[in-house]
Each structure stands twice: as C-alpha cells, then as structure tokens.
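Geometric and topological summary
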Amino acid sequence: MKFITPTAEELSYLRSDPLVWEQELDVRPEVAEAIERATGIRAGRVYWRSRHDHLYALELADLGRGRPSMAMVYGHWDRYEPRPPEHEIDADLLDFSLWVAEVADGLDPADVAQVAQFAGVQTTWPEGSVLRTPDDRFTDLPGFPYQPRYVEVEGLRMACVEQGEGDPILMLHGEPTWGYLYRHMIPLLAEVGRVVVPDLIGFGRSDKPVADNAYTYKSHVRWLRGFIEALDLRRVTLVCHDWGGLLGLRALAQMPERFIRLVAMNTGFPDGRDLGEPFMRWRRFSQQQRSLDVPAIMRMAARRALSDAEAAAYGAPFPSSEYETAALVFPRLVPVRPDHPGAYDNRVAIETLKTLDLPVLLPWSDNDPITGPWESQLRAIFRNVAPSLVIAGAGHFLQEDAGEQIAVHIRNWLGATAER
Amino acid sequence: MNPTLRAKPDWLTSLFPWEQRALTVNGRTMAYVDEGGPEGRPVLLLHGNPTWGFLYRDFIRPLTEAGYRAIAPDWVGAGYSDHPRVDAALTLPHHIADLASLIDQLRLHGFVIVGQDWGGPQGVGAALQRLERLAALVLMNTWLFTGYVGRFHASPLPWTTWHAPLIGQFFMKRQKVLSYGGPSVTTRRGMTEEEARAYHHIFDEPDSDHVVLTWPRTIPLREGDRGWADMQAIERRLPELAGVPTVLLWAPEDNVFPIEYAHRLKELLPHAEGPTTFDNAAHFLQDDRGPDLARAIVEFLNRTVGPAP
C-alpha cells in the first residue's frame, strides 16, 4: 500500500465515512507494533488510494500503552453524494485486510484470502445489479454492420467496434449516444488506422449497472482507463465528443504516454467554471426526467433529418427506463461548480495537460448552443493546437451531421502530423 | 422500574412464544425469559457466541413441565439485551457481573447453571460469586481453563484470522461471518429459514455485533492474552465446586470444543458425571439435539437436587 498526502483542498471536497472502528488494535500487541512500523506513526493518519481510486485513511490513536491501540478506517467520498457501491468498499477493505496481514507478524495474507473466499466476500457486482441489453436490439441497424468485441473491465462487459489496422484511433461518444454515432466516420478512418470505438459503461452494447451510485465521473474514468489498459492501446489518437472528452482528457492526463494526438469535438473539460445557461437548461430538463426518449432527443438535436430506423438505433440500447441509469445520471455528473465532484480532479488534470505537446485538432460545430462556446477553454490548455476548424451548419452531434467531412479533415491532419 | 425492550417481530412468536422480560444490570438492559413460576428451582440457561436465548427454546417446556423455573437470559451485547458499542463493556468480568446482578435482582436461590460455549465460564464465574445459592451445574461443550487449547481456537483458518485486529472488523462486523453464520451454518438437523433468521435478526442493525468480536478475542491462548487472568481466576476456584452436583453433556462432533475439553473438565471437576455424549450434533448442540438434552437435564436434576429449591 502506497501512502500519499492528499491536498487540503481535495479533502475539503470529500466527506470521511468511518467504516472500521477498531477499539482493540493491540489485542495482539505484535500486530499493533507492526502497523506502527509499516505506517511510521503511532498516532495520526495515513492515506492511500484504492484500486477503485477511492481515498482511504487509517487513523491510529495512542492510548499511552506504548503502541497504537485504537484505529479507525475512513472512506472519503464525494461530499453530498451517496457512497460508492458496497462491493467496491468490500474489495477495498479486503485489500486493506490483506495489507494488515502482510505487514503483521503472525498473520498471513493467504489465510485472509482463503477466509474471504469461504466467507463469500462480494467483491464484484452482485447478481441482478447489472443489466445487459439483449443482442436482438442491435440487429440490422442502418449503416452499422459491426460486430462488437467485448472487453472485461471490473467485472463489466464493455463493447467496442474495431476496424482497420495500424495505430489506434480511439473514438469516444458521450451522452446519450453510443458507438453508432461514429458510423459515418468509421469506414473512412479505418483506411488509415485501427479504429476502436467503445461504448461507455451504461451505454450501447456495454453492460449497464442499475444503481445510480454506480455512475460517477471517477468510475467512468476508471472504466475507460481499464478498457485502454485491457487492450493495451499505445500511440493512440484520441477522438472524443461530449462526455467522451470529459473522460478522454482525464485518461490522457493520467496516462499521457499512451497518446500521440488529440481530436476533441464539441466537448469541454469543466473545472468549476460557469458552463452557461444552455447547458444548465439541459441539465435541469434531464434531471427532471424519469426516462429519456433518446430517439426524440437525437431527432431534435440533429441538423440532418434522421430516418426512423436511425433514430431507433440510438434508442436500441435502452429497452426500458431501467437501462437508462447512466444516461439519466450523466448530466448531473458534469462539474458545474468549483466544489462539484470532478472539478478539482479536472483542475489537477489541466496542469498535466498544459505540459503536453501532442498535436490537437478541434473540429467544432457552429450550431451547438451548449458546447459551442467551450472550444476556447481547450484551445487555451494545449500548446500545439491546429487552427480553428469550424464545421458549418452542424449541431451538437456533428458526427451525425457532418461525419464524412470531419473524417476527411482528420485523415488529412493525421497525414500532416505523421512525422512525430 | 423495568426497562422496555424492543418488540419481538410477529414471525418470531410462533417459534419463541415466551414473554421477554428485562432488567437493568450494571446500567444496561438485560433481556430474559422467565417461565415456570417462583416455586420451581431456577435453571439458568446460558448461551454463548453468537446466539441468544432462542438456542434453548426446546428446553423451556420440558423444564417447566417437570416443575422447574426456566430462565434464559441474553448476555449484554446479544439477543434482545442492549448492544453496547464499546468492546470494553463486553469482557468476561462484565458478563459475570451482569449475571450476578440478575441472580441478585431475581433473588434466585438454589439455582442451576446450564452453560454452553461462553455460557460456561460466564455462568460458572457468576456462580462462584454466589456459591451459597448454587445447587447444580450442567456443562455442555465449553471450557473453564487456560491450560488446554484445541485446534480450532488456535488455527488461523479461520479463527485467529477472523478476529485479528482490523481484519476481524471486516469479517465479523462488515461481513457478519459469525452473526449471520452461527447455528444456521453448523446445523446438523437442518434449519428452517425462519429459525436461521431468528438467530441472525438480532444483529441486523449495522455495528450491533461488537460482542461477536469481543468474545473470540478474549479466548485466552497464551499467557498475557486478554482474558487469560480472568479465566485463570475461574480455574483456580473450581475445587470449590466439589460439592455441587455436576454433569457434562457433550457433542463430540463439535470441532470447536472436541471431547478433549470434556476430559480436561473432568480432571478439574473429578466429581462430575459424564461426559454423556450426543451424536449428530455440532457446536450448537442445544439446537441439534434440544429435546434429548432437555430430557437428560431433567433426569439429572430430578435425581440430584429435584424441582423444589
């Protein structure tokens, strides 16, 4: 376990939830003493991040017995938000128990693992907590003949379309769409690289946890990172849109060595700044819905007329509102205040992004009231940005309105930036 | 003034129809069943970890029908008694003081101790404080000494790992491996879902199961362990029980207190009858072989001290 020192600012956005209260830490003195050696403290706090990126603290108290004799383990969750799924906490506390057994004399991590096994500790999604859209919803979709490849991430099945060969071109969709959004671009880009189009968890052909609290900015980032690592994507050109940008830019900041170019379209990287009234209006509207009529939303937003079958394809992942949790939650997860979950992490990520000199292309539509004004933020972050590329007449879903045109622009730009 | 208890759920009534009474002992509420009336000899039916008076449901009717007064308390921390959130309140000396207080407040004279698991040391510990009023002793799969430690209690798989510092909090409290996994897991005769629920529901409230962790941690394995001195204080006084009719009833298939524990008890209490063994029973023999054990106890008591106190 690697102990870290979180900033006071990060802690100010989190609440600490006492999970374990050990009043008898020195019931076995040798264990208490080993913990003192391993943490370097007899009283006070140490922090670590779990494999779920949750921040935990171990607090030790010295009751004058010459060793730590009481302990508390806290989980730090986003303020005002429910805590993450219990199986994530169970998995993290089991990791912590394994650490205790590793550092303490007379305890063996293998015993802890075995006890956990026959205690049936639930460290993955419990039965019935994850939905999977039936395959037959995805047959004969216009312009989308692609069979999915599935990648396992944290016990969830994440779907992606893979076409072509060469350096990967990772294309990330956003709210409330799925890989289908990129269908006009896939064939053109597959001629110059290996196109990888995942469906975010909760969307498209990927698995869909039912519970609201499964979905946070942090969990989506984790799943995306897990996906990139599972496919071991390197020399990636990241193409992203809407939430695909909010997530992709975080992944870029966390693993910059895997990326060589960035194409961001009608997205943003909210760091607590005012996102403008059009977005807030959409957020209010979306948060008042119990279900989303995704085909109607897409019809309304697209500047090109969608056929019935195309509109229906956008609704295919959602046979009923039970499947729509991710889509219903997404607008709420967009950081809209400086203390909103994710805003601080984005401010930290921006400091890293500012140091990158990978080539950046920002195709931006001129008919999108929501993310239209957000291009300048990204332009200011990156050092090596191509001149403005306005996609005239396109709306928010510019891949739908002008997919081929954008794909051609990207192809040309890929060629122009190939010598890196 | 008697404290009030939380209400027993309706589904439990058919399995456990007796009225739960309550007393304040050492500032905390102790729940108990008291059946048979004051003219019968009091028989204290003492459970251990992680059970409660429900474990003795097959004993109450046979005892009262034979003229005895059956009293089944729930230890503080368990059953319908208070569940204090402080481990220090749940040690052997506290449990002993709680039972002594119950014996005093109910003015029990000529009482019998029936103890299994922690009911043994806690019951005998209290009886040694009220020796003048003790009539007889029934010990089932328990221990009263430090000198012998069986494989189960010394083994890291699962026992010493289950209750280790910090790790034990995860398994015992967050995962409730014992509070939801006692008799319902070891049962030999099979158990209905309602019976399992009767054992589990008392720990439904999060963090209500401190006692489930304090108990294993106070089983002394080595000199200096928490509970070592307390257990030795009991062991040293066992010769004082020489005049008290005593019987050992044992489930030899129990892997927690195998028959070696009975043999050691027999060395310390040479006047004791038995061990009389009961097969097809695991650690919670009262649940596996309740009616047979109740019959054996009534037979033993009728023969030695009789139902009149």
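Below or above, wherever it landed, is the structure these notes cover. Note that this is a predicted model, so its numbers are computed, not measured.

**Remarks on the overall build of chain A**
Within chain A, the secondary structure is distributed over 14 helices and 15 strands. Over its C-alpha atoms chain A spans a radius of gyration of 23 Å, differing by no more than 12% from the 22 Å that the globule rule assigns to 420 residues. Considering chain A as a whole, with its 420 residues, one finds that 58% of them fall into the buried category. Pairs at least 24 apart in sequence give 76% of the contacts found in chain A among residues at least 6 apart. Put simply, chain A shows about 16,500 Å² of open surface, and 49% of that area lies on carbon and sulfur atoms. A gap of 4 Å separates the mean positions of the 44 positive and 60 negative side-chain charges of chain A.

**Here's the deal with the pattern of salt bridges**
Opposite charge on two side chains makes pairing possible when the charged atoms of those side chains draw close. Taken as a whole and assessed by the stated rule, the structure comprises 59 salt bridges over all chains. Arg284(A) is the partner of Glu277(A) in a salt bridge, and the nearest nitrogen-oxygen pair spans 2.6 Å. For Glu299(B), the salt bridge goes to Arg303(B), with nearest N and O atoms at 2.7 Å. Of this pair, Glu299(B) and Arg303(B) are both found in helix α14 (residues 290-304), four residues apart, which corresponds to roughly one turn of the helix. On the basis of relative accessible area, Glu299(B) is assigned to the partly exposed category, the value being 41%. Accessibility expressed as a relative area gives 46% for Arg303(B), which makes it partly exposed. Through salt bridges with shared partners, a single network forms among Glu22(A), Glu24(A), Asp26(A), Glu33(A), Arg65(A), Arg67(A), Arg217(B) and Arg226(B).

**Description of the packing of helix α2 (residues 57-65) of chain B against α14(B)**
Residues and elements named next belong to chain B. Where α2 meets α14, the closest approach of the two axes is 8 Å, and the angle between their N-to-C directions is 35°. Of the two elements, α2 crosses α14, and the hand of that crossing is right-handed. When α2 is examined against α14, the residues Asp58, Phe59, Pro62 and Leu63 are found in contact with a partner set consisting of Gly290, Pro291, Leu293, Ala294, Ile297, Val298 and Leu301.

**Looking at the interface of chain B and chain A**
Listed by partner, the interface residues are 26 residues for chain B and 35 residues for chain A. Summing both sides of the interface, chain B and chain A together bury roughly 2,600 Å²; the carbon and sulfur share of this comes to 63%. Its largest share of buried area at the contact with chain A, chain B owes to Leu166(B), Arg174(B) and Arg226(B), together 28% of the area lost on that side. Close ionic contact of Arg217(B) with Glu22(A) constitutes a salt bridge, the shortest N to O distance being 2.7 Å. Our count for the chain B to chain A interface comes out at 14 residue pairs in polar contact (both at pLDDT 80 or more). Contributions of two or more residues to the side of chain B that touches chain A are made by α6 (159-162), α7 (167-174) and α10 (210-217) of chain B. Of all the elements, α7(B) adds the most residues to the side of chain B that touches chain A, at six residues. Here the residues of the side of chain B that touches chain A sort into 12 nonpolar, seven polar and seven charged.

**As for the sheet that holds strand β8 (residues 273-277) of chain B**
Residues and elements named next belong to chain B. A sheet is described by the order of its strands in space; here eight strands give the open sequence β1-β2-β4-β3-β5-β6-β7-β8, paired in mixed fashion. The sheet is open, and its two borders are formed by β1 (20-25) and β8, each paired with just one other strand. Strand-to-strand, the axes of this sheet are offset by a mean angle of 25°, without reference to chain direction. Pairing geometry for β1 and strand β2 (residues 28-35), over six bridges, is antiparallel.

**Some details on the side chain of His95(B)**
All names here are of chain B. You can see His95 is positioned in helix α3 (residues 92-105). Given a relative accessible area of 0%, His95 falls into the buried group. Within the local environment of His95, its side chain forms a polar contact with the backbone oxygen of Leu90, the two atoms lying 3.0 Å apart. With residues near it in sequence (within four places) discarded, His95 still touches Trp75, Val76, Leu90, Gln122, Val211 and Trp215.

**Quick look at the nonpolar core**
One finds Leu58(A), Leu44(B), Leu45(B), Leu63(B), Leu166(B) and Phe171(B) to be the most contacted residues of the largest nonpolar core, which totals 133 residues. Among residues more than four places away in sequence, those in contact with Leu166(B) are Val20(A), Glu22(A), Leu25(A), Ile35(A), Leu58(A), Ala71(A), Val73(A), Phe96(A), Val100(A) and Arg217(B). Counting 107 residues, the second largest nonpolar core, distinct from the first, contains Leu156(A), Val294(A), Ile297(A) and Leu328(A).

**Topic: the sheet that holds strand β3 (residues 55-62) of chain A**
Residue and element names in this part refer to chain A. Reading across from one edge, β1-β4-β3-β2 is the order of the four strands in this open sheet, with antiparallel pairing throughout. Looking along the sheet, the strands with just one partner apiece sit at the ends: β1 (14-22) and β2 (44-49). For this sheet, the mean angle separating the axes of adjacent strands, direction not counted, is 25°. In this structure, β3 lies alongside strand β4 (residues 68-78), joined through eight bridges in antiparallel fashion. Considered in β4, the bridge of Leu60 is made with Ala71.

**Brief notes about the packing of aromatic side chains**
Aromatic ring pairs are described here by two measures, namely the spacing of the ring centres and the angle between the planes. Residues and elements named next belong to chain A. A full pass over the atoms with the stated rule returns 35 aromatic pairs over all chains. Aromatic side chains Phe203 and Phe330 sit 5.3 Å apart centroid to centroid with 25° between the ring planes, which places their arrangement in the stacked category. Taken as a pair, Phe203 in the loop between β9 (194-198) and β10 (208-209) and Phe330 in helix α11 (residues 325-333) lie far apart in primary sequence, 127 residues in all. Of the two residues, Phe203 and Phe330, neither departs from the other in class, the shared state being buried.

**With respect to the environment of Leu213(B)**
Residue and element names in this part refer to chain B. Secondary-structure assignment places Leu213 in helix α10. Taking C-alpha positions, Leu213 is 30 Å from Pro42, a pair spaced 171 residues apart along the chain. The residues touching Leu213, leaving out its near neighbours within four places in the chain, are Trp162, His163, Gly168, Gln169, Met172 and Lys173.

The rules we used
Residues numbered from 1 in each chain as written. Chains lettered and ligands numbered in written order. Predicted model: local features only at pLDDT ≥ 70, side-chain atom pairs only at ≥ 80, totals over all residues. Heavy atoms only, no water. Helix = DSSP H or I, 4+ residues; strand = E, 2+ residues; numbered from the N terminus. Rg over C-alpha atoms; globule rule 2.2 N^0.38 Å. Buried < 20%, exposed > 50% of the residue type's maximum accessible area, 1.4 Å probe, protein only. Contact = heavy atoms within 4.5 Å. Areas by Shrake-Rupley, 256 points an atom, 1.4 Å probe, with all protein chains shown as cover. Lys, Arg positive; Asp, Glu negative; His and termini not counted. Charge placed at Lys NZ, Arg CZ, Asp CG, Glu CD. Salt bridge = Lys/Arg side-chain N within 4 Å of Asp/Glu carboxyl O. Axes fitted to C-alpha atoms, helices over the stretch in contact; angles between N-to-C directions. Left-handed = near helix turned anticlockwise from the far one by under 90°. Buried area = accessible area lost by both parts, 1.4 Å probe. Polar contact = N/O pair within 3.5 Å; in protein donor to acceptor, adjacent residues only side chain to side chain. Nonpolar A, V, L, I, M, F, W, Y, C, P; charged D, E, K, R; others polar. Pairing = 2+ DSSP bridges. Core = buried A, V, L, I, M, F, W, Y, C linked by side-chain atoms within 4.5 Å. Phe/Tyr/Trp six-rings, centres within 6.5 Å; stacked < 30°, edge-to-face > 60°.

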